[in-house]
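# Summary of structural features
Spelled out from the first residue to the last, the chains are:
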Amino acid sequence: MSSVTAPLDTLRAVETPEGIALTLRPAGLAARALAFMIDMCLRGVIFWLLFIVLMLIFRSGLGVALALIALFLLEWFYPVAFELTKRGATPGKRALGLTVVMDNGLPVTPAASLLRNLLRVVDFLPGTYAFGLVTMLLRPDFKRLGDMAAGTLVVYAETAALDGALPEAEPAPPARLLTARQQLAVITWAGRARRLTPERFEELAQLAASASEAPPGAGATATTRLLGLAHWLSGRRGEGAAP
Amino acid sequence: MTPLQFEAAHEAAWGELEKLLTAAEKYRWRQSATPDGPGGARLALLYRRACQQLALAQARAYPIYLTQRLEQLVARAHRLIYRPAAWNWRRFTDFLLIGFPQAVRAHRRYLLAATLLFTLPLLLMGWACWRDPGFILHLLDPAQVRQFDAMYGDGNHALGRERSADTDWEMFGFYIKNNISVGFQCFASGLLAGLGTIFYLVFNGVAIGAVSGYLITTGKAQNFLSFVVTHGAFELTAIVLSGAAGLCLGHALLAPGRRTRLEALKHHALGVVPVIGGAVVMLVIAAGLEAFWSSARWVMPEVKYGVGATCWALVLIYLGWQGRPASAQPEREAGHAD
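Nothing here was measured: the structure is a model prediction, and the numbers come from that model. (Residues numbered from 1 in each chain as written. Chains lettered and ligands numbered in written order. Predicted model: local features only at pLDDT ≥ 70, side-chain atom pairs only at ≥ 80, totals over all residues. Heavy atoms only, no water.)

### Some remarks on the overall build of chain B
Counting its regular elements, chain B contains 11 helices and zero strands. With 338 residues in all, chain B has 47% of them scored as buried. In the form shown here, chain B has an accessible surface area of approximately 16,600 Å², with 64% of it arising from carbon and sulfur atoms. (Helix = DSSP H or I, 4+ residues; strand = E, 2+ residues; numbered from the N terminus. Buried < 20%, exposed > 50% of the residue type's maximum accessible area, 1.4 Å probe, protein only. Areas by Shrake-Rupley, 256 points an atom, 1.4 Å probe, with all protein chains shown as cover.)

### Quick notes on the overall build of chain A
Broken down by element type, chain A carries 11 helices and four strands. Its C-alpha radius of gyration of 26 Å places chain A more than 25% over the 18 Å reference for a compact globule of 243 residues. The principal-axis extent of the C-alpha atoms belonging to chain A is close to 90 × 35 × 30 Å. Classification of the 243 residues of chain A by burial places 46% in the buried group. Accessible area of chain A: about 12,200 Å², with a carbon and sulfur share of 67%. Charge separation in chain A, taken as the distance between the mean sites of 23 positive and 19 negative side-chain charges, equals 6 Å. (Rg over C-alpha atoms; globule rule 2.2 N^0.38 Å. Lys, Arg positive; Asp, Glu negative; His and termini not counted. Charge placed at Lys NZ, Arg CZ, Asp CG, Glu CD.)

### Re the interface of chain B and chain A
Between chain B and chain A, the residue contacts involve 56 residues of the former and 64 residues of the latter. Of the roughly 5,100 Å² buried between chain B and chain A on both sides combined, carbon and sulfur atoms contribute 74%. Ranking the residues of chain B by area buried against chain A places His78, Lys177 and Phe184 of chain B at the top, with a combined share of 11%. For the salt bridge of Asp103 of chain A with Lys266 of chain B, the shortest nitrogen-to-oxygen distance reads 2.9 Å. Counting across the interface, chain B meets chain A through seven residue pairs in polar contact (both at pLDDT 80 or more). At the level of elements, α1 (3-26), α2 (40-59), α3 (64-81), α7 (165-188) and α10 (261-294) of chain B are the ones that each hand at least two residues to the side of chain B that touches chain A. When residues of the side of chain B that touches chain A are assigned to their parent elements, the largest contribution, 14 residues, is made by α7 of chain B. Here the residues of the side of chain B that touches chain A sort into 34 nonpolar, 11 polar and 11 charged. (Contact = heavy atoms within 4.5 Å. Buried area = accessible area lost by both parts, 1.4 Å probe. Salt bridge = Lys/Arg side-chain N within 4 Å of Asp/Glu carboxyl O. Polar contact = N/O pair within 3.5 Å; in protein donor to acceptor, adjacent residues only side chain to side chain. Nonpolar A, V, L, I, M, F, W, Y, C, P; charged D, E, K, R; others polar.)

### A look at unusual backbone geometry
Of note, the amide linkage connecting Leu125 of chain A to Pro126 of chain A takes the cis form, showing an omega dihedral of -15°. As for its position among the elements, Pro126 of chain A is in the loop between α6 (120-124) and α7 (130-138). With phi around 55°, Ala193 of chain B is a residue other than glycine that occupies positive phi space. Along the chain, Ala193 of chain B turns up in the loop between α7 and α8 (195-217).

### Here's the deal with the pattern of salt bridges
For the structure on display, the rule yields 16 salt bridges over all chains. Here Arg32 of chain A and Asp147 of chain A are joined by a salt bridge, their closest N and O atoms 2.8 Å apart. With a gap of 115 residues between them, Arg32 of chain A in helix α1 (residues 29-58) and Asp147 of chain A in helix α8 (residues 145-150) connect regions that are remote in the sequence. Each member of the pair, Arg32 of chain A as well as Asp147 of chain A, is classed as buried. The salt bridge involving Lys266 of chain B is made with Glu263 of chain B; its shortest N-O contact spans 3.7 Å. With Lys266 of chain B and Glu263 of chain B both in helix α10 and three residues apart, the pair spans about one turn of that helix.

### A few points about the nonpolar core
Ranked by size, the top nonpolar core spans 82 residues in total, and within it Leu119 of chain A together with Ile136, Phe184, Phe187, Phe234 and Leu241 of chain B carry the most contacts. Of the residues forming this core, the biggest block, 14 residues, is contributed by α10 of chain B. Once residues within four sequence positions are removed from consideration, Phe187 of chain B is found in contact with Leu115, Leu118 and Leu119 of chain A together with Thr197, Ser242, Ala245, Gly246, Leu249, Val272 and Ile276 of chain B. By size, the runner-up hydrophobic cluster in this structure holds 27 residues, among which are Leu24 and Leu153 of chain A together with Leu17 and Ala77 of chain B. (Core = buried A, V, L, I, M, F, W, Y, C linked by side-chain atoms within 4.5 Å.)

### Re the pairing of strand β2 (residues 21-24) of chain A
All names here are of chain A. Bridge analysis of strand β1 (residues 12-15) against β2 gives four bridges, and the strand direction is antiparallel. When the bridges of β2 are listed, Ala13 appears paired with Thr23. With antiparallel pairing between neighbouring strands as the criterion, β1 and β2 make up a hairpin whose turn holds five residues, including Gly19 at a positive phi of roughly 85°. (Pairing = 2+ DSSP bridges.)

### With respect to the layout of surface pockets
All names here are of chain B. For the second largest pocket, the calculated volume is near 1,600 Å³. Taken together, 45 residues make up the lining of the second largest pocket; nearest its centre are Phe148, Tyr152, Ala207, Ile208 and Glu235. At the level of elements, α5 (108-131), α6 (142-152), α7, α8 and α9 (221-254) are the ones that each hand at least two residues to the lining of the second largest pocket. The dominant element in the lining of the second largest pocket, judged by the number of residues it contributes, is α8, at 11 residues. (1 Å grid on protein atoms, 1.4 Å probe; cavity = no way out; pocket = protein on both sides within 12 Å on 5 of 7 lines; lining within 4 Å. Points joined across faces, edges and corners; volume = space filled by probe spheres on them.)

### Some details on the domain arrangement of chain A
What the domain assignment reports for chain A is domain 1 (27-156) and domain 2 (180-233). One C-alpha centre belongs to domain 1 of chain A, the other to domain 2 of chain A; they are set 48 Å apart. (Domains from an automatic or database assignment.)

### Here we look at the packing of helix α4 (residues 89-106) of chain B against α10 of chain B
Residues and elements named next belong to chain B. At a minimum axis separation of 8 Å, α4 and α10 run at an interaxial angle of 120°. Regarding α4 and α10, the two cross each other, and that crossing is left-handed. Facing Phe95, Leu96, Gly99, Phe100, Ala103 and Val104 of α4, the residues of α10 in contact are Pro274, Val275, Gly277, Gly278, Ala279, Val281 and Met282. For the contact of α4 with α10, a count of residues per class yields 10 nonpolar, three polar and no charged. (Axes fitted to C-alpha atoms, helices over the stretch in contact; angles between N-to-C directions. Left-handed = near helix turned anticlockwise from the far one by under 90°.)

### Here we look at the environment of Ala57 of chain B
Residues and elements named next belong to chain B. Relative to the helices and strands, Ala57 is located in helix α2. The exposure class assigned to Ala57 is buried, which follows from its relative accessible area of 0%. For the pair Ala57 and Glu7, spaced 50 residues apart in the sequence, the C-alpha separation amounts to 10.0 Å. In this structure Ala57 touches Phe6, Tyr62, Thr67 and Leu70, once residues within four positions along its chain are discounted.

### Observations regarding the confidence of the model for chain B
Residue and element names in this part refer to chain B. Put simply, chain B has an average pLDDT of 85, and 89% of its residues get 70 or more. The weakest mean pLDDT in chain B belongs to α6 at 84; the strongest belongs to α5 at 94. Across residues 30-34 the pLDDT falls below 50, and counting only partners more than four positions away or on other chains, this stretch makes 12 contacts in the model. Per-residue pLDDT stays below 50 along residues 333-338; that stretch engages in 10 contacts with residues further than four places along the chain or on separate chains. (pLDDT = per-residue confidence, 0-100.)

### Quick look at a nonpolar patch on the surface
Nonpolar side chains collect at one region of the surface, where Ile52, Val53, Leu56, Ile57, Phe58 and Leu66 of chain A lie side by side and expose about 550 Å² of accessible area between them. The element best represented in the nonpolar patch is α1 of chain A, accounting for five residues. (Patch = residues over 30% accessible without salt bridge, like charges linked within 9 Å, V, L, I, M, F, W, Y side chains within 5 Å.)

### Points about the side chain of Arg76 of chain B
Relative to the assigned elements, Arg76 of chain B resides in helix α3. Aside from chain neighbours lying at most four places away, what touches Arg76 of chain B is Glu18, Leu21, Thr22 and Glu25 of chain B.

What follows is the structure, given as structure tokens:
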């Protein structure tokens, strides 16, 4: 929907080969930093458990070797391994509902995943992820340097369902001809019944009061009248009259 | 057509698509070699229809809950249908036999630059320390020099003299962690306009050159050279390869050509990933050789020289000639096998 004009928010439209614009919701700094901290803790726990087990079994030699290799793998390949699973996210990202995708919304490729995680070193410079933080704050799609080079994007996996089905009401015809945008506005308003307080809902309805006819039994609120109109617009008719 | 009629007319198809998607997402997610089970063709058909219906719904300004539901269906199917091909054993061997050496040759200019950045300081420092062993004290402190003396001398603390199997394993783990990390850092810091990579290459060249020159001129040539010759074939080559990949990143940023800087970076970065992947494999081989073969003092130095020379020849032949297409076929493009 937002592909026509530049969106006010950070939504990012990608086009499928079929010519359909899909929207991705890039995840911001806070969510990604939290996910990173969860992953750090998890890596620490995994390493120490592994270390204790290895030391108990081997005592030295092979145990030390395996511990060092585990440390190496956890440092560099922990994110890669998880990003290449079906969910496309490390446990930390999964906990926050994030996932790593390519710029075109497809699952991340092995090469891109390796690249974005190797370049983490540069994002970390000159310490505490300073470069990564700055680039993320400067860009509307919150990419760090590794994401830019690899062409990847960290997005929210699920779309937030802001609009629900219309609440029940008796269909009522419009008072005058409505343009497509006006119709959409009325139906969208009706879909937000559950998210808005009844007072605010009514307030908004009064702004559009002129669009709906006052029913014969006067006294109905602007809300019920406009809801009736919304049902009419979405195709319901009162007594079986075909639209 | 009103939204309700639209919904009623297509509800069955959407439900079917949803069911197929759920099934296909469970079914061997990344297996590219096999089709998506029985419903593959049906899924593609329903996907294209859903695309068309979504476009209609958007153009007709249908309620958001309706377009959003369709959009989610389309997005899921899109992810599934256009997902990248899976990695399997075949692709891995293709990568080792074709993709990696071809990618190396495709970046031969960077490889030359990286080789010079590494070997020139190495030779220069080696020569300086060979002429005057005291020169090494400009670079290392005396304690470190004494340590090298002990490692490659004939005394009891020499490398490999009294090393047990346990130490071999410990060193193997250490080499894996340390050397591959150095390779990765050498590559990644190329993103700093190539400066980080140049630093790593020159720094390693200077350090290795100085120590080599010093050890050779102080009469430990045999111990030292027989130790490094074999794994050096893999380790030094891999470090230079990482450096070449890093220089490629830096060059893309500094001289993007007809692309924007970001596009140039993206393009070149994905192209050098095979080089890095191959360097990792070489560094793992090097770690194994260094821990278990190079340190074995019971092997005659002559044998080690022979094996070392063979390894160098094999590595150079592999990188130079392996994976060339048969003469009839055109050369595959750089970075084709990601």
